[in-house]
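# Descriptive analysis of the structure
Single-letter residue listing:
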Amino acid sequence: MDFDPSANRVVGTARVSGSAPKKAPVPVKIIVAGGFGVGKTTTVGAISEIAPLTTEAEMTSESVGIDDPGQATMKTGTTVAMDFGVLTIDQTLKLYIFGTPGQTRFAFMWDDLVKGALGALVVVDTNRIDDCYPAVDYFERAGLPFVVGINTFNGQLSYSLDEVRWALAVREDVPVISFDARFRGSVRDALLVVLDQALDKAIRMKSS
């Protein structure tokens, strides 16, 4: 048996590499939240590199007067627990994306879903902007970095970003952006803004 003191050594006829094994990417939990029917499930499905886990249930006549998806929608199902998807940013970072249910009666699940998250994307439909107030209030109280993402649906904005910021009364340091939940690239860009917010908070906490 020959011995090579360098990084690679020969054992019998097999060469064994002495290089360190690749590190697994750091897992980062991100929340996608918002009101009922704003596009959370679509957002997770558009970006996930795996088949997204969804907990869709068919909307029945029992939900009439309770769950209002809006007039301009063909929505026939609703999330009753959560959506889940995965996105690898690079060799060092992997996102685990959890979508919350939008109905008020499922709000009790949020604390468990949000536990361990580093940031959130609050999806907004400007035709029903009131529906996103609970999500904005929740993340403000929790102190979790979040981004307001206006889902353009048809590619157009009904109101300007400044008008939406004013309507929601969010702080100046909270980004208000537009994106299209149907398109992977648009969702990716929105999630990168969430990551930036989470990183900024981590840096501030480390320096304080």
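Calculation criteria
Residues numbered from 1 in each chain as written. Predicted model: local features only at pLDDT ≥ 70, side-chain atom pairs only at ≥ 80, totals over all residues. Heavy atoms only, no water. Phe/Tyr/Trp six-rings, centres within 6.5 Å; stacked < 30°, edge-to-face > 60°. Helix = DSSP H or I, 4+ residues; strand = E, 2+ residues; numbered from the N terminus. Buried < 20%, exposed > 50% of the residue type's maximum accessible area, 1.4 Å probe, protein only. Arc of directions from axis to C-beta. Contact = heavy atoms within 4.5 Å. Core = buried A, V, L, I, M, F, W, Y, C linked by side-chain atoms within 4.5 Å. Salt bridge = Lys/Arg side-chain N within 4 Å of Asp/Glu carboxyl O.

### As for the packing of aromatic side chains
We describe a pair of aromatic rings using the distance from one ring centre to the other and the angle between the two ring planes. A full pass over the atoms with the stated rule returns 6 aromatic pairs. Relative to Tyr138, the ring of Trp110 lies with its centre 5.3 Å away and its plane at 70°, an arrangement referred to as edge-to-face. Taken as a pair, Trp110 in helix 2 (residues 110–114) and Tyr138 in helix 3 (residues 133–142) lie far apart in primary sequence, 28 residues in all. The pair Trp110 / Tyr138 is uniform in exposure class, with both members buried. On the basis of an interplanar angle of 90° and a centroid distance of 5.5 Å, the ring pair of Tyr138 and Phe139 is categorised as edge-to-face. The two residues Tyr138 and Phe139 agree in class, both being buried. Every member of this aromatic cluster is reached through a ring pair, and the members are Trp110, Tyr138, Phe139 and Phe146.

### What about helix 3?
Of the residues making up helix 3, those classed as buried are Ala135, Val136, Tyr138 and Phe139. With its buried residues spanning 160° around the axis, helix 3 presents them on a single face. Away from its buried face, by an angle of more than 90 degrees, helix 3 presents the exposed residues Pro134 and Arg141. Residues of helix 3 that are buried sit in contact with strand 3 (26–34), helix 2, strand 8 (119–124) and strand 9 (146–151). Immediately beyond the C-terminal end of helix 3, within one or two residues, lies Gly143, with a positive phi of roughly 70°.

### Some details on the nonpolar core
Grouped together as the largest cluster of nonpolar side chains are 27 residues, with contacts concentrated most on Ile31, Val122, Phe139, Phe146, Val148, Leu168 and Val170. Mapped by element, the contributors of at least two residues to this core are strand 3, strand 6 (83–90), helix 2, strand 8, helix 3, strand 9 and helix 4 (161–168). Here this core gets 4 residues from one element, more than from any other, and that element is helix 3. Core analysis: the second largest hydrophobic core is formed by 21 residues, Val28, Val38, Ile97 and Ala190 among them.

### Regarding helix 4
Along helix 4, the residues that are buried comprise Val164, Arg165 and Leu168. For helix 4, the angular spread of the buried residues around the axis is 100°, confining them to a single face. Of the exposed residues in helix 4, those oriented more than 90 degrees away from the buried face are Asp162 and Trp166. Looking at the buried side of helix 4, the elements it contacts are helix 3, strand 9 and strand 10 (176–179). Where helix 4 terminates, the next one or two residues include Ala169, which has phi positive at roughly 55°.

### Regarding the pattern of salt bridges
Considering all chains together, one arrives at 5 salt bridges under this definition. For the salt bridge of Arg128 with Asp131, the shortest nitrogen-to-oxygen distance reads 3.4 Å. Between Asp189 and Arg188 there is a salt bridge whose closest N-O contact spans 3.1 Å. Of the residues examined, Asp189 reaches a relative accessible area of 41% and is grouped as partly exposed. By sharing partners, the salt bridges in this structure join Asp125, Arg128 and Asp131 into a single network.

From the geometry alone we can't say anything about function, so treat these as descriptive.
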